Amino acid sequence: MNWGSAGNFFAMGGYAFYVWGSYGVTALFLVLEIVLLLLRKRTITQRLGRRIRMRIEVKNEAQT
Amino acid sequence: MEVRTINWFKYSSPASFYPLAGKLIPYFTVLALVLTAIGLYMGFFVAPTDYKQGEGYRIMFIHVPAAWMSMFIYLVMAVYAGMGLVFNTRLSSLMASALAPTGALFTFLALWTGSLWGKPMWGTWWVWDARLTSELILLFLYIGFMSLKAAIDDPRRAARASGLLAIIGAINVPIIYKSVEWWNTLHQGASISMTSGTSMEATMLETLLVMSLAFWMYTIAVVLARVRCEILEAEGDTEWVAAHLDEQR
């Protein structure tokens, strides 16, 4: 498939809005899913880490 | 005679699946990226212009894989939910929860790209055609599954109720698949059929398959990452999670 020029490529034979609207939204949502997942992972590990540290402190205080 | 028993259920324990999933994620991520790059190159620079639909048909390369994924993820989710109900394995219901958001996303993308394809080709964004309607019902099933699970506090009861919903809802998948044959409305028939082969050019078909594989690898990577979150949330108070988080520091 030879497009000739970048302009022709982005014009998509007059279907630019539909083609790029499909590919753009798909890319956006897939990336968004990954970002949300990484944020979720971070929140969980931070919360669990805090809880574990708290438990250790409570145990240490009980010993002294 | 020595009898060796293989413990098939070993990896159904969250504690042993968690590190395995972590090891697998990078491989599937790399595969997804490579296949996407190849698929996009083929889709835009190798596949020829369609004689009827011009360049607009290129939406197909994400529309069809997204629609396939939306149905297949639902079936996998229903199987995990069923295994959770029968064997009572904890990991199964966590896997079902991890699959649902990605399935819902692909269902939405199938509807979205279908709408953007339908407007220039059919002249309408939406029509209450059997294929489109049953795909919309699939989106509602995913949303219903996630809401039901989130609405019940006790995790075991939540898994049972949502699992039942997932299994009953699976009836919808063959309906979507067969809808273009059973009701002759606007949506075109299958481009690729198990029985009669394909009705399109070879490079178009190859692109479609590469993009489908790319979506598959993406799904596996994302679902494994999500099931790790689900495991951490479900097992937060156990010794192994504490030990694992200690190692990470």
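See the structure shown above.
Throughout what follows, the structure given in this document is the object of discussion.

1. A few points about the overall build of chain B
Along the backbone of chain B there are eight helices and two strands. Reading chain B from its N end, one meets helices and strands in the order α-α-α-α-α-α-β-β-α-α. When the backbone C-alpha atoms are referred to their principal axes, chain B occupies close to 60 × 45 × 35 Å. A burial count over chain B gives 39% of its 249 residues as buried. Once local pairs closer than 6 in sequence are excluded, the contacts in chain B between residues at least 24 apart make up 77%.

2. Focus: the overall build of chain A
Across its full length, chain A holds two helices and zero strands. Against the globule reference of 11 Å for 64 residues, chain A gives a C-alpha radius of gyration of 25 Å, more extended than a compact globule. Each principal axis of the C-alpha atoms in chain A carries an extent, and together these give about 80 × 20 × 15 Å.

3. Observations regarding the interface of chain A and chain B
Facing 23 residues of chain A, the contacting portion of chain B comprises 32 residues. Partitioned by chemical class, the residues of the side of chain A that touches chain B number 14 nonpolar, six polar and three charged.

4. Comments concerning the packing of helix H2 (residues 60-87) of chain B against helix H7 (residues 202-234) of chain B
Residue and element names in this part refer to chain B. H7 packs onto H2 with a crossing angle of 45° between their chain directions and a minimal axis gap of 9 Å. Taken together, H2 and H7 sit at an angle that is classed as oblique. Every pair of crossing elements has a handedness; the one defined by H2 and H7 is right-handed. Counted together, Met-60, Phe-61, Ile-62, Val-64, Pro-65, Ala-66, Trp-68, Met-69 and Ile-73 of H2 and Thr-207, Leu-208, Met-211, Ser-212, Phe-215 and Thr-219 of H7 form the full contact between these two elements. Here the contact of H2 with H7 is built from residues that sort into 12 nonpolar, three polar and no charged.

5. Concerning the packing of H2 of chain B against helix H6 (residues 172-182) of chain B
Residues and elements named next belong to chain B. Between H2 and H6, the least distance of the axes is 10 Å, while the angle of their chain directions is 155°. One way to sum up the angle between H2 and H6 is to call them roughly antiparallel. Here H2 and H6 pass one another in a crossing that is left-handed. The residues of H6 that touch H2, namely those facing Met-71, Tyr-74 and Leu-75, are Val-173, Ile-176 and Tyr-177. Its residues assigned to classes, the contact of H2 with H6 shows six nonpolar, no polar and no charged.

What counts and what doesn't
Residues numbered from 1 in each chain as written. Chains lettered and ligands numbered in written order. Predicted model: local features only at pLDDT ≥ 70, side-chain atom pairs only at ≥ 80, totals over all residues. Helix = DSSP H or I, 4+ residues; strand = E, 2+ residues; numbered from the N terminus. Buried ≥ 20, exposed ≤ 12 C-beta atoms within 10 Å, placed from the backbone. Contact = placed C-beta atoms within 7 Å. Rg over C-alpha atoms; globule rule 2.2 N^0.38 Å. Nonpolar A, V, L, I, M, F, W, Y, C, P; charged D, E, K, R; others polar. Axes fitted to C-alpha atoms, helices over the stretch in contact; angles between N-to-C directions. Parallel < 35°, antiparallel > 145°, perpendicular 65-115°, else oblique. Left-handed = near helix turned anticlockwise from the far one by under 90°.

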